[in-house]
Amino acid sequence: MLELLPHSEFDAVFAIMEQSFPADEYRPHHEQRALLEKDEYRLYVCKEQGSICAFIAMWQFEGLCYIEHFAVSPQKRNGGLGSKMLSEAVALSQNPVCLEVEPPENDLCKRRIAFYERNGFFFNDYPYTQPPISKGKSPVPLRIMTTGGRVTKQKFEYIRHTLYTKVYGFSEVE
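Residues numbered from 1 in each chain as written. Predicted model: local features only at pLDDT ≥ 70, side-chain atom pairs only at ≥ 80, totals over all residues. Heavy atoms only, no water.

### Here we look at the overall build of the chain
No. 1: A count of helices and strands for the chain gives five helices and seven strands.
No. 2: In terms of overall size, the chain behaves like a compact globule, its C-alpha atoms giving a radius of gyration of 15 Å where 174 residues would be expected to give roughly 16 Å.
No. 3: Along the longest, intermediate and shortest principal axes, the C-alpha atoms of the chain span 45 × 35 × 35 Å.
No. 4: By residue count, 47% of the 174 residues in the chain fall in the buried class.
No. 5: For the chain, the proportion of contacts with a sequence separation of at least 24, taken over those separated by at least 6, is 63%. (Helix = DSSP H or I, 4+ residues; strand = E, 2+ residues; numbered from the N terminus. Rg over C-alpha atoms; globule rule 2.2 N^0.38 Å. Buried < 20%, exposed > 50% of the residue type's maximum accessible area, 1.4 Å probe, protein only. Contact = heavy atoms within 4.5 Å.)

### Comments concerning helix α5 (residues 153-167)
No. 1: Taking 1.5 Å per residue as the helical rise, α5 with its 15 residues ought to reach 21 Å, and the 20 Å between its terminal C-alpha atoms agrees with that figure.
No. 2: Regarding α5, the residues found buried are F156, I159, R160, T162, L163, Y164 and V167.
No. 3: Count one or two residues on from α5 and you reach G169, which has phi positive near 75°. (Expected span 1.5 Å × (residues − 1).)

### Comments concerning the packing of aromatic side chains
No. 1: Across all of its chains, the model carries twelve aromatic pairs by this definition.
No. 2: A ring pair is formed by F14 and Y26, whose centres lie 5.7 Å apart and whose planes are at 80°; its orientation type is edge-to-face. One end of the pair, F14, is in helix α1 (residues 10-20); the other, Y26, is in the loop between α1 and α2 (29-34), and twelve residues separate them in sequence. The burial state of F14 is the same as that of Y26; both residues are buried.
No. 3: Taken together, a centroid distance of 6.5 Å and an interplanar angle of 50° make the contact between F70 and Y116 tilted. On the criterion of sequence distance, the pair formed by F70 in strand β4 (residues 64-72) and Y116 in helix α4 (residues 107-118) is long-range, its members being 46 residues apart.
No. 4: Taken together, the aromatic side chains of Y126, Y128, F156, Y164 and F170 make up a single cluster linked through ring pairs.
No. 5: The positively charged end of K137 is found above the aromatic ring belonging to Y26, 4.9 Å away from the centroid. (Phe/Tyr/Trp six-rings, centres within 6.5 Å; stacked < 30°, edge-to-face > 60°. Lys NZ or Arg CZ within 6 Å of the ring centre and 35° of its normal.)

### Quick look at the pattern of salt bridges
No. 1: All chains considered together, the criterion is met by eight salt bridges.
No. 2: For the salt bridge of K47 with E9, the shortest nitrogen-to-oxygen distance reads 3.0 Å. Taken together, the residues span a long stretch of sequence, with K47 in strand β2 (residues 41-48) and E9 in the loop between β1 (3-4) and α1 at a distance of 38 residues.
No. 3: The class of E9 is partly exposed, set by a relative accessible area of 26%.
No. 4: Between E157 and R160 there is a salt bridge, with its nearest N and O atoms 2.5 Å apart. Remark: R160 and E157 occur in helix α5; sequence separation between them is three residues, near one turn of the helix.
No. 5: Where salt bridges share partners, they join E3, E9 and K47 into one cluster. (Salt bridge = Lys/Arg side-chain N within 4 Å of Asp/Glu carboxyl O.)

### What about the sheet that holds strand β3 (residues 51-61)?
No. 1: Taken in spatial order, the seven strands line up as β1-β2-β3-β4-β5-β7-β6 in an open sheet, and their pairing is mixed. Two strands lie at the open edges of the sheet, namely β1 and β6 (121-130), each paired on one side alone.
No. 2: When β6 meets strand β7 (residues 140-147), the two strands line up antiparallel, connected through seven bridges. Across the sheet, N124 pairs through a bridge with I144, a residue of β7. (Pairing = 2+ DSSP bridges.)

### Here's the deal with the state of the cysteines
Disulfides are covalent bonds that link the sulfur atoms of two cysteine residues.
No. 1: Counted by the stated rule, this structure contains zero disulfides.
No. 2: Take C46: it sits in no disulfide, and the sulfur closest to it among the cysteines is that of C53, at 4.2 Å.
No. 3: No disulfide involves C109; its nearest neighbouring cysteine sulfur is the one of C98, lying 18 Å away. (Disulfide = S-S within 2.5 Å.)

Next up, the structure:
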């Protein structure tokens, strides 16, 4: 089901990204596209009738896989595609998988967390803020979800440090 994104089809993924995420949670087009050149970054897509209908962006690090973005086009949601994709993506990783979610402050956020829990992720209630993803973007208060159970404070600190330094380009955890 999942296939690596052909670079020539990046614009279709970016269109879904713009529809699915608040502006502070993704990079400008040229910065997002530049990630395709990084060895640790993989962008997988799901196609139906030759068109991209969903994607999942993953970073592979030592002892950790991070799902940065995951979205299904609005027309294809609520049909089980997301669960199938997530299961396949987790199986691709040799390491525990983590992702960021908004805190459970409203019904939509609670439903999103419940979706990930149904798909084998565990909510970790350690305070976490996504640094600005790009110049001009704002930090975003989030939480970390992980496969394999809730993590210790020490493992959480490793995850945060890895994301801050390798994904967001911060030299220190702030």
